[in-house]
Amino acid sequence: MARSNRRVVPESRQMLDQMKYEIAAEFGLNVGYGQNALAGADTEFGSELGAVSDHSYGQYKGWGHLTSRENGSVGGEITKRLIGQAEKQLL
C-alpha cells in the first residue's frame, strides 16, 4: 500500500507551517525568510532561545542546509505539542 502525505484537514497547512517556523526559531535554527517562510513568523529572538549549532546560516534560506537531526527535532517537537493539545482536549 502506497504511503500518502495527504492532510486529513487541508486547512491545517497554515497552522502547521506557522508552528514549524516558531519551533525552529525557539531552537535557534535560521531557516531564513525565503518564499517558504511565513511573513508573520516570530523568529526575532530565536537565537537567544535555543542553542545554535556550528553552521554558518547567514547565507541560507529554507530548510535544505539543516541536518537531518535538526529537521527531525522540529518535526518531533511539532508532534509532541500536537499530542499534548489533543490530550488536553480529552480531559
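Relevant structure appears above.
Residue positions are given per chain, counted from 1 along the sequence in the order it is written. Two thresholds apply to this predicted model, a pLDDT of at least 70 for residue-level local features and 80 or more for giving and counting side-chain atom pairs, whereas whole-chain, interface and lining totals are computed over all residues. Hydrogens and water are ignored here; the side-chain numbers use all heavy atoms of the structure.

Peer 1: Sorry if this is basic, but what is going on with the overall build of the protein chain here?
Peer 2: Helices and strands together make up the secondary structure of the protein chain, namely 3 helices and 0 strands. Listing every helix and strand of the protein chain by position from the N terminus yields α-α-α. Any pair of residues with heavy atoms lying within 4.5 Å of one another is described as a contacting pair. For the protein chain, the share of sequence-separated contacts (at least 6 apart) that also reach a separation of at least 24 residues comes to 57%. Per element, the accessible surface of the protein chain, about 7000 Å² overall, is 51% carbon and sulfur. Strands are runs of DSSP state E lasting at least 2 residues, helices are runs of H or I lasting at least 4, and numbering of each runs from the N terminus. Computed by Shrake-Rupley with a 1.4 Å probe, the accessible areas treat only the displayed protein chains as cover when residues are assessed.

Peer 1: Just checking my understanding: could you explain the packing of helix α1 (residues 13-26) against helix α3 (residues 68-90) for this structure?
Peer 2: Packed helices, taken two at a time, are described by the angle their axes make and the gap between the axes. Contact geometry for α1 and α3: axes closest at 9 Å, N-to-C directions at 120°. Here α1 is positioned oblique relative to α3, judged by the angle of their axes. As α1 packs across α3, the resulting crossing turns out to be right-handed. On α3, the residues touching Met15, Leu16, Met19, Lys20, Ile23, Ala24 and Glu26 of α1 are Val74, Glu77, Ile78, Arg81, Leu82 and Gln85. For helices, the fitted line uses only the C-alpha atoms of the stretch in contact; every axis is such a line through C-alpha atoms, and the angle between N-to-C directions lies from 0 to 180 degrees. For this classification, under 35 degrees means roughly parallel, over 145 means roughly antiparallel, 65 to 115 means roughly perpendicular, and everything else is oblique. Crossing chirality is assigned from the near helix's rotation relative to the far helix, an anticlockwise turn below a right angle marking it left-handed and a clockwise turn marking it right-handed.

Peer 1: Sorry if this is basic, but what is going on with the side chain of Glu70 here?
Peer 2: Residue placement: Glu70 occurs in helix α3. Buried charge Glu70 goes without a salt bridge, the closest partner of opposite sign being Arg69 at 8.6 Å. Only protein chains enter the calculation, and the probe is 1.4 Å; a residue is then buried if its accessible area is under 20% of its type maximum, exposed if over 50%, and partly exposed in between. Charge assignment in this entry is limited to Lys and Arg as positive and Asp and Glu as negative, and neither His nor the chain termini are counted. We define a salt bridge as a side-chain nitrogen of Lys or Arg found within 4 Å of a carboxyl oxygen belonging to Asp or Glu.

Peer 1: Mind showing me how you'd approach α3 here?
Peer 2: Each α-helix turn comprises 3.6 residues. Residues three or four places apart therefore point the same way. Taking 1.5 Å of rise per residue, 23 residues should cover 33 Å, and α3 covers 33 Å from first to last C-alpha, within 8% of that figure. Looking only at α3, the buried set comprises Glu70, Val74, Glu77 and Ile78. Structurally, α3 contributes buried residues whose contacts are with α1. Working rule for helices: expected span equals 1.5 Å times residues minus one.

Peer 1: What am I meant to see in the nonpolar core here?
Peer 2: Within the largest apolar cluster, 10 residues are counted, these being Met19, Tyr21, Ile23, Ala24, Leu29, Val31, Trp63, Leu66, Val74 and Ile78. Mapped by element, the contributors of at least two residues to this core are α1 and α3. At 4 residues, α1 tops the list of elements feeding residues into this core. In this text, buried Ala, Val, Leu, Ile, Met, Phe, Trp, Tyr and Cys residues form a nonpolar core when linked through side-chain atoms within 4.5 Å.

Peer 1: I'm lost on α1 in this one. Help?
Peer 2: Between the first and last C-alpha of α1 there are 20 Å, a value that for 14 residues agrees with the 20 Å anticipated at 1.5 Å per step. Every buried residue belonging to α1 is among Asp17, Met19, Tyr21, Ile23, Ala24 and Ala25, and all of these are buried. Of the residues trailing α1, Gly28 is marked for its positive phi of about 80°.

Peer 1: Could you clarify how one ought to interpret the environment of Glu26 in this entry?
Peer 2: Note on placement: Glu26 falls in helix α1. We classify Glu26 as partly exposed; its relative accessible area is 29%. Spatially, the C-alpha atom of Glu26 lies 9.6 Å from that of Val74, the residues being 48 residues apart in sequence. What qualifies as a polar contact is a pair of N or O atoms within 3.5 Å, subject to a donor-acceptor requirement within protein and to the restriction that residues adjacent in sequence count only when both atoms come from side chains. In terms of polar contacts, Glu26 uses its side chain to reach the side chain of Arg81, at 2.5 Å.

In short, shape yes, function no, at least from these values alone.
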